[in-house]
Amino acid sequence: CQNLSPAGDGTGLQGERSATYFPMMQVLKGLQALQSARPPAYIIENTAMQHNWNSQVARADYERICQELGEPFVLDAAQVGSYA
């Protein structure tokens, strides 16, 4: 998330800290293909990159991620008892 975060370096999905995104997508697509009748659900935690419009890279990557995973569901962990 550091490459996508508003506090990060703005390199986006091509950054060193985003290297797990592409293998993760392969795993999710593979699981969904194996169980097409009942595709598995998943939860992926990431930074609130929809607010990172300081970087054109982040904007383009946000749009790509939404195309691949769908629109994000935002959860404020503090609202559900987290001390984070």
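Values in this document were obtained by computation on a predicted structure and should not be read as measured data.

So, on to the overall build of the protein chain. A tally of helices and strands in the protein chain yields two helices and zero strands. Projected onto its principal axes, the C-alpha positions of the protein chain cover 40 × 35 × 20 Å. Buried residues in the protein chain amount to 25% of all 84 residues. The contacts of the protein chain with a sequence gap of at least 6 include a subset with a gap of at least 24, amounting to 46%. Only carbon and sulfur atoms are counted for the fraction: they give 55% of the accessible area of the protein chain, which is about 6400 Å². Averaging the coordinates of the 5 positive side-chain charges in the protein chain and doing the same for the 8 negative ones gives two points 7 Å apart.

For the rest of this paragraph, the subject is helix α2 (residues 56–69). At 3.6 residues per turn, the α-helix brings residues three or four places apart onto the same side. Taking 1.5 Å per residue as the helical rise, α2 with its 14 residues ought to reach 20 Å, and the 20 Å between its terminal C-alpha atoms agrees with that figure. Looking at α2, one finds that the buried residues are Ala58, Asp61, Tyr62, Ile65 and Cys66. In a view along the axis of α2, the buried residues occupy a sector of 140°, so they form one face of it. The outward face of α2, more than 90 degrees from its buried face, is lined by the exposed residues Gln56 and Gln67. In the core, the buried residues of α2 are packed alongside α1 (21–34).

Core analysis: the largest hydrophobic core is formed by nine residues, namely Leu4, Leu13, Tyr21, Met25, Leu28, Met49, Tyr62, Ile65 and Cys66. Going through the elements one at a time, α1 and α2 are the ones with two or more residues in this core.

Under the criterion given, the structure shown has one salt bridge. Taking the shortest distance from any N to any O, the salt bridge between glutamate 68 and arginine 64 comes out at 3.3 Å. Highlighted residues: glutamate 68 and arginine 64, both in helix α2, separated by four residues, approximately one helical turn. Owing to a relative accessible area of 29%, glutamate 68 belongs among the partly exposed residues under this scheme. On the basis of relative accessibility, which here comes to 32%, the residue arginine 64 falls in the partly exposed class.

Taking 1.5 Å of rise per residue, the 14 residues of α1 would be expected to cover 20 Å, and the 20 Å separating its terminal C-alpha atoms lies within 8% of that figure. Listed as buried for α1 are Tyr21, Met25 and Leu28. On an axial view of α1, the arc spanned by its buried residues comes to 65°, and they lie on one face. Exposed side chains of α1 directed beyond 90 degrees from the buried face belong to Gln26, Val27, Ala33 and Leu34. Where α1 is buried, its residues contact α2.

Rules used throughout
Residues numbered from 1 in each chain as written. Predicted model: local features only at pLDDT ≥ 70, side-chain atom pairs only at ≥ 80, totals over all residues. Heavy atoms only, no water. Helix = DSSP H or I, 4+ residues; strand = E, 2+ residues; numbered from the N terminus. Buried < 20%, exposed > 50% of the residue type's maximum accessible area, 1.4 Å probe, protein only. Contact = heavy atoms within 4.5 Å. Areas by Shrake-Rupley, 256 points an atom, 1.4 Å probe, with all protein chains shown as cover. Lys, Arg positive; Asp, Glu negative; His and termini not counted. Charge placed at Lys NZ, Arg CZ, Asp CG, Glu CD. Expected span 1.5 Å × (residues − 1). Arc of directions from axis to C-beta. Core = buried A, V, L, I, M, F, W, Y, C linked by side-chain atoms within 4.5 Å. Salt bridge = Lys/Arg side-chain N within 4 Å of Asp/Glu carboxyl O.

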